Every structure is written in C-alpha cells, then in structure tokens.
Amino acid sequence: MLKLKPLYYFKTVVEKGSISAASAVLFTAQPPISKALQQLEAQWDVVLFERTSRGMIPTDAGRYLYQRAGDLLLQAQNIDSEMRAFSEGQRGVVRLGCVDMGISLLAEAIAALRLRYPNLQFSLYQGDPPWLEELLERRQVDAALIHLPLTLNPHNIASIPLNQLNVRALCLADTPLAARPSVTLAQLAAQPLVLLRRKTGFGMYDRVMQCFTQAGLTPNIVAQASDLPVMKQLVRQGVAVALVPSLAEAETEAGLISLPVPELQAAADRLALIYYQQHAESAVLKPLLEYFFSR
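Only a predicted model underlies this, so the values are computations on that prediction, with no experimental measurement involved.

Draft legend 1. The state of the cysteines, seen in detail. Counted according to the given criterion, the structure contains zero disulfides. Distance from the sulfur of C171, which forms no disulfide, to the nearest cysteine sulfur (C211) is 19 Å.

And the structure:
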C-alpha cells in the first residue's frame, strides 16, 4: 500500500534540492527522510535522484513520480478538507444549482454564509429546472434553487418555498410599449412574443397560453426559449417582446424595460430550494438550509 508521508518527503526534497534543506522546512530529522527515499526506490527498484555537487537532481523516474505525487497529495488534501466538514460544518464545498431568476437570491445567501463561514466554498451550476433536478437526482449537486412545479419524483425531496415570481413584459426602452405603466393581454397579443418554455413538463409557458385562451386571444409566438439570456438577446435585436419571470420590479439592463402584466400574475412560478430530506443534516448543506429557513 502506497503511503503518503514518504511521497510528501520526496516531493519536498525535489523542491528544496537536498535532504538537509527539506529537513529544515519539514521540521524532521534527516535520517527519516533518507530512509523514506530509500524505501521508495526499493519499492519500485528505481533510482529517483542523481546526487551531484549542485544537489539532488531527480531522474526521469523521479520527475514522473514528482508530478504524480503532487496530484495525489493535492487530492488527499482535498479529501481531508471535505471530510472535516462533516464534523465542523464550516468547511467544504456546497454544490448548488440555480435557475436564472434565482441568481440574486443565491448571491445574497452566499454573501451571508461567507461572513459566518469564511472557509465554506461553493460550486455553482446554472440551468433550467429539469437539468438541475437531474443533477440533484444524480447527487451532483447538494441542493437546487428552481421554480416550481417539480418534474422529478417528489419521493424524499424536501423543499423550502421562497419568493413568488412575477411575469413581466421585457421590451426595448425606445418602443411605444415601454412608455406604458403596465401592459394588457390584448396589447401583448398585438406584439411578436418570445416565451420561456421548459424542455419537459408543465410550466409558465402553458399557464401563459391558458390565460390568452381564456381571454379569447391568440398570441403571436415567434420563438420559445429555455433560458433568459436567449430571450433577452431576441428583445435587443427587436425580434420580439419577451414574457419573463422576474423578482425585480424593473429591468436594470441598459436599453431594456420590464413592465408588469397584471393579467398574467396567476401564471407566475414560485422559487423553491429543493434537496434530499436525508441530506438535511449534512454539515456542508445545513448552514444553507438554516439561512433559507430563517428568511
């Protein structure tokens, strides 16, 4: 079985150029370091160093081992850091998925948690709800901030309901529509529209279409998209007005205006943080859950 300490000694000798220099930074006597190097050479029947007047120069085998040992020691360090999170609850990596419209909420949560747990790190994934649910199901994320309804099997899935979204009409700031305080379904039916649509499952698109049907209107849908950046680009190009879910009261991006659509508020989704119930006591996930429960 390969042991890490001899590899650590070996790596330090390569970097410092001699056993004596390595001894000084390792706070370890020279004999144990020399013995560790001899054991490595005997284990694989190779010579790891040339001993010259300029110091200890790694051989081809030594250079190869140095690269692989560095990778292995770094991986071991990461494993140790992550495992300590189980007992400390203050270290580790929280893997989070997030839909576009939840980014501001997630950023606020990360900022608050970093103040309390400065060593906590975050690995972030952005996408549409079905993809994020798939990541959760595969255990590739610890939690996901999505908008309801869920498309995966709700068995063992827990959720924390968050903000209710608003449906707003996104248009260019220099169009006549932008001068209105709000827009009606009748006014929208006269515009080319781009709608947000899930790749799978029932969602806001279907509820928006129901609202138009109930009002006796037929919208002019020129495009459907599964993410907001695509929709915003179509608006910027003057292709269509976008009906987007939003937390903000006003669109802050240059050249774009978002307007409320009172008749579509019933079509809006609610944001929620979802996770597996059995993972609620996970040390790295628990601070995030506590933050959202306390909002």
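Draft legend 2. Structural context of the pairing of strand 10 (residues 241-246). In terms of burial, strand 10 is a largely internal element, six of the six residues being buried. Residue alternation in strand 10 divides its side chains into two sets, V241, L243 and P245 and A242, V244 and S246, and both sets are buried. Bridge count between strand 7 (residues 166-172) and strand 10: five bridges; the pairing is antiparallel. Residue pairing across strands places R168 opposite V244, the latter belonging to strand 10. As paired strands, strand 8 (residues 192-196) and strand 10 are joined by three bridges and run parallel to one another. In the strand pairing of strand 10, L195 is matched with L243.

Draft legend 3. The arrangement of the side chain of D100 in detail. Assignment of secondary structure puts D100 in the loop between strand 3 (92-98) and helix 5 (103-116). No salt bridge is formed by the buried D100. Its closest oppositely charged neighbour is K232, at 7.7 Å. Residue contacts for D100: discarding those within four places in its chain leaves Q126, D227, L228 and P229.

Draft legend 4. Up close: unusual backbone geometry. Positioned with a positive phi, F27 is a non-glycine residue whose angle comes to about 55°. Position of F27 relative to the elements: it lies in the loop between helix 2 (19-26) and helix 3 (30-44).

Draft legend 5. Fine view of the sheet that holds strand 5 (residues 143-147). Read from one edge to the other, the open sheet built from five strands follows the order 4-3-5-12-6, with strand pairing classed as mixed. Each end of this open sheet is capped by a strand with a single partner; those strands are strand 4 (120-126) and strand 6 (157-164). Taken pair by pair, the neighbouring strands of this sheet meet at an average axis angle of 20°, ignoring direction. As paired elements, strand 3 and strand 5 share three bridges and run parallel to each other. Pairing of L96 across the sheet is with A143, part of strand 5. Its contacts with the sheet place helix 5 against strand 3, strand 4, strand 5, strand 6 and strand 12 (270-276), and it is angled at close to 170° to strand 4. Where helix 10 (residues 286-293) meets the sheet, its contacts fall on strand 3, strand 5, strand 6 and strand 12, and the angle it forms with strand 12 comes to roughly 150°.

Draft legend 6. Layout of the side chain of S246. With respect to the secondary-structure elements, S246 resides in strand 10. Contacts of S246, omitting those with residues within four sequence positions, involve L165, N166 and R168.

Draft legend 7. Spatial organisation of the nonpolar core. One finds L145, L188, L243, L264, L273, L288 and F292 to be the most contacted residues of the largest nonpolar core, which totals 73 residues. Those residues within four positions of L264 in sequence are excluded, and the remaining contacts are V167, L185, L188, V208, C211 and L243. Within the second largest apolar cluster, 17 residues are counted, among which are Y9, F10, A36 and L48.

Draft legend 8. Just the pattern of salt bridges, in detail. Here the structure, examined in full by the defined rule, presents five salt bridges. One salt bridge in this structure joins R63 and D60, with 2.1 Å as the shortest N-O distance. Here D60 and R63 lie together in helix 4 (residues 60-88), a separation of three residues that amounts to about one turn. In this structure, R95 and D142 form a salt bridge, with 3.0 Å as the shortest nitrogen-oxygen distance. In this pair, R95 is assigned in strand 3 and D142 in the loop between helix 6 (129-137) and strand 5, connecting sequence segments 47 residues apart.

Draft legend 9. Quick look at the packing of helix 1 (residues 4-16) against helix 3. The contact between helix 1 and helix 3 brings their axes to 9 Å, and the two run at 105°. With respect to helix 3, the axis of helix 1 lies roughly perpendicular. Here helix 1 contributes P6, L7, Y9, F10 and V13 to the contact with helix 3, which in turn contributes P32, I33, A36, L37 and L40. Class assignment of the residues belonging to the contact of helix 1 with helix 3 gives a composition of ten nonpolar, no polar and no charged.

Draft legend 10. Summary view of the packing of aromatic side chains. Overall, the coordinates contain two aromatic pairs when judged by the stated rule. Ring centres of F10 and F49 lie 5.5 Å apart, and the angle between their planes is 55°; this geometry places the pair in the tilted category. Here F49 lies in strand 1 (residues 49-52) and F10 lies in helix 1, a separation of 39 residues in the sequence. Note on F49: relative accessible area 3%, which makes it buried. Seen in terms of ring centroids, Y291 and F292 are 5.2 Å apart; in terms of plane orientation they differ by 80°. Their pairing is edge-to-face. Of the two residues, Y291 and F292, both sit in the buried class.

Cut-offs applied
Residues numbered from 1 in each chain as written. Predicted model: local features only at pLDDT ≥ 70, side-chain atom pairs only at ≥ 80, totals over all residues. Heavy atoms only, no water. Disulfide = S-S within 2.5 Å. Buried < 20%, exposed > 50% of the residue type's maximum accessible area, 1.4 Å probe, protein only. Helix = DSSP H or I, 4+ residues; strand = E, 2+ residues; numbered from the N terminus. Pairing = 2+ DSSP bridges. Lys, Arg positive; Asp, Glu negative; His and termini not counted. Salt bridge = Lys/Arg side-chain N within 4 Å of Asp/Glu carboxyl O. Contact = heavy atoms within 4.5 Å. Axes fitted to C-alpha atoms, helices over the stretch in contact; angles between N-to-C directions. Core = buried A, V, L, I, M, F, W, Y, C linked by side-chain atoms within 4.5 Å. Parallel < 35°, antiparallel > 145°, perpendicular 65-115°, else oblique. Nonpolar A, V, L, I, M, F, W, Y, C, P; charged D, E, K, R; others polar. Phe/Tyr/Trp six-rings, centres within 6.5 Å; stacked < 30°, edge-to-face > 60°.

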